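Results of the structural survey
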Amino acid sequence: MSRGNGGLMPIIELDKLTKKFGPLVAVDSVSLQINEGEIFGLLGPNGAGKTTIISMLVTMKKPASGSARVNGFDIVKEPDGVRRSIGIVFQDPSLDEELTAYENLELHAAMYGIDAKDRRDRILESIRIVELEDRLHDIVKTFSGGMRRRLEIARGLLHYPKILFLDEPTIGLDPQTRKHVWDYIRKLKAEHGITIVMTTHYMEEADSLCDRVAIIDHGRIIAQDAPDALKDSLGGDMVVVKTQDSKKLEAAVKGLGWVKKAKIDDGAISLSVAQAEKKILKIMDIARENKIDVQSISMHKPTLDDVFLHYTGRNIREEAVTAKDAMRMRHKAWAGGRR
């Protein structure tokens, strides 16, 4: 599948979508289109507005202004049509730990009105997708965090949704389990053609999985495109210089044609340059000439973190989130579901 819009049909359309909580503007006039069959990422730090956008698209919150359509249904005027079209995996666990995997899926199937004679086939089909057949009749409290996440994905697929929303799908998981979940997400797209909309604050996750991403900060989209296109937009390799004299070094390189961009963040300056391996010695010479103490210098190809730094002046901090923190954030984000 090609990246970008390229004539693909939008299955989700947002037009100046806005959400306010009192004086706080949580989502600020967001407009975007998500194409059928793509994996689209909403990338940004905690509190950026990602979950609030999702909560409006799945009809759990009403927008203050603007509009959105999901699978052709207006999120305010036609919420039932939206809900029939989507599956959701929440940010924190939402399974009944005292039930078996099968019983959790059967309960969900009944809630979605799936005919009793079809439920077993649907359950077996969805559980095969996430490769949990051998644990189908085990109590969920015996499952690992990754297995529970996979079961939640299976549950979200029971009613054959056209769109699956994943809110921070790998939060709290170890790196190996996180990559396993990535494999299942790719499988859903490749084998089943499901449109996947996911929120994340993990740069590697967005870069590895998403056809396109929208970088969100303070409720606004600050950039959106394919990950490679966003990285290429920075114009070169990245040289990171750790120094207490970042502003002095910024002034010293300002005006040099081969320094495309310079950003200061937390005791370091990031320089976008072409052929960084040939420019490091020049940067060190400039530092010596200006009596700038360099603690370290390194280079790398641009990342989405560099993109975020370029547009916001800071990095996304991928801080560990405890189960208690995740629960607190979800209650805050999803509170007052249909306000």
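Quick caveat: nothing in here was measured; it's all calculated off a predicted structure.

**As for the nonpolar core**
In terms of nonpolar packing, the biggest core is built from 48 residues, with Leu151, Ile153 and Leu164 touching the most fellow members. Beyond its immediate stretch of four places on either side in the chain, Leu151 contacts Leu95, Ala101, Leu105, Ile127, Leu132, Val140 and Phe143. Ile11, Phe40, Ala68 and Val82 belong to the second largest nonpolar core, which has 28 residues in total.

**Structural notes on the sheet that holds strand S14 (residues 294-300)**
With respect to topology, four strands assemble into an open sheet ordered S12-S13-S11-S14, the strand pairing being antiparallel. Unpaired on one side and paired on the other, strand S12 (259-264) and S14 mark the two borders of the sheet. Looking at each pair of strands side by side, their axes are set apart by 20° on average, direction ignored. Bridge analysis of strand S11 (residues 237-243) against S14 gives six bridges, and the strand direction is antiparallel. In the sheet register, Val241 faces S14, and the bridge partner there is Ile297. Strand contacts of helix H11 (residues 304-312): S11, S12, strand S13 (268-273) and S14, with the helix running at about 80° to S12, the strand carrying the most contacts.

**Considering the confidence of the model for the protein chain**
Looking at the protein chain as a whole, its pLDDT mean stands at 87, while 91% of the residues score no less than 70. In this model residues 1-5 is a low-confidence stretch, pLDDT under 50, and it forms 15 contacts with partners more than four residues away in sequence or in other chains. Confidence drops under a pLDDT of 50 for residues 318-339, and excluding neighbours within four residues, the segment shows 45 contacts in the predicted structure.

**Some words on the pattern of salt bridges**
Counting across every chain of the model gives 18 salt bridges. Residue Arg212 pairs with Glu38 through a salt bridge whose shortest N-O separation is 2.7 Å. One end of the pair, Arg212, is in strand S9 (residues 212-217); the other, Glu38, is in the loop between strand S2 (24-35) and strand S3 (39-43), with 174 residues separating them in the sequence. Owing to a relative accessible area of 5%, Arg212 belongs among the buried residues under this scheme.

**Structural notes on empty space enclosed by the protein**
Applying the stated criterion to the full structure yields one cavity of 30 Å³ or more. Taken as a whole, the largest cavity encloses approximately 70 Å³ of empty space. Along the walls of the largest cavity sit Leu234, Met238, Lys261, Ala262, Lys263, Ser270, Ser272, Asp306, Leu309 and His310, which together make up its complete lining. Where the lining of the largest cavity is concerned, the elements lending two or more residues are S12, S13 and H11. A breakdown of the residues in the lining of the largest cavity according to their chemical character gives four nonpolar, three polar and three charged.

**A closer look at the environment of Val181**
By the secondary structure assignment, Val181 is in helix H6 (residues 175-192). Once residues lying within four places of it in the same chain are set aside, the contact partners of Val181 are Arg149, Ile153, Thr170 and Leu173.

**Overview of the sheet that holds S2**
One open sheet accounts for four strands, arranged S2-S1-S4-S5; its pairing is antiparallel. Taken across any chain shown, the strands that pair with only one partner, and hence form the sheet edges, are S2 and strand S5 (73-74). Two strands pair when backbone bridges link them, and strand S4 (residues 65-70) and S5 are joined in this way by two bridges, in the antiparallel orientation. Within the sheet, the bridge partner assigned to Arg69 lies in S5 and is Asp74.

**Some words on the packing of aromatic side chains**
Overall, the coordinates contain zero aromatic pairs when judged by the stated rule. Sitting over the ring of Tyr160, Arg122 keeps its end group 3.9 Å from the ring centre. Arg178 extends its terminal NZ or CZ atom over the ring of Tyr202, reaching a point 3.8 Å from the ring centre.

**So, the side chain of Ser270**
The residue Ser270 is located in strand S13 in this model. Using a relative accessible area of 9% as the deciding quantity, one classes Ser270 as buried. Residues contacting Ser270, with those up to four places away along its chain left out, are Met238, Val239, Val240, Lys261, Ala262, Lys263 and Leu309.

**Things to note about the packing of helix H3 (residues 101-111) against helix H4 (residues 116-129)**
Closest axis-to-axis distance for the H3/H4 pair is 10 Å, and the angle between their directions is 125°. Put simply, H3 runs oblique to H4. H3 and H4 meet at a crossing whose hand is right-handed. Contacts between H3 and H4 involve Tyr102, Leu105, Glu106, Ala109 and Ala110 from the first element and Arg119, Arg120, Ile123, Ser126 and Ile127 from the second. Each residue belonging to the contact of H3 with H4 can be placed in one class, and the counts come to six nonpolar, one polar and three charged.

So, how was this worked out
- Residues numbered from 1 in each chain as written.
- Predicted model: local features only at pLDDT ≥ 70, side-chain atom pairs only at ≥ 80, totals over all residues.
- Heavy atoms only, no water.
- Core = buried A, V, L, I, M, F, W, Y, C linked by side-chain atoms within 4.5 Å.
- Buried < 20%, exposed > 50% of the residue type's maximum accessible area, 1.4 Å probe, protein only.
- Contact = heavy atoms within 4.5 Å.
- Pairing = 2+ DSSP bridges.
- Helix = DSSP H or I, 4+ residues; strand = E, 2+ residues; numbered from the N terminus.
- Axes fitted to C-alpha atoms, helices over the stretch in contact; angles between N-to-C directions.
- pLDDT = per-residue confidence, 0-100.
- Salt bridge = Lys/Arg side-chain N within 4 Å of Asp/Glu carboxyl O.
- 1 Å grid on protein atoms, 1.4 Å probe; cavity = no way out; pocket = protein on both sides within 12 Å on 5 of 7 lines; lining within 4 Å.
- Points joined across faces, edges and corners; volume = space filled by probe spheres on them.
- Nonpolar A, V, L, I, M, F, W, Y, C, P; charged D, E, K, R; others polar.
- Phe/Tyr/Trp six-rings, centres within 6.5 Å; stacked < 30°, edge-to-face > 60°.
- Lys NZ or Arg CZ within 6 Å of the ring centre and 35° of its normal.
- Parallel < 35°, antiparallel > 145°, perpendicular 65-115°, else oblique.
- Left-handed = near helix turned anticlockwise from the far one by under 90°.

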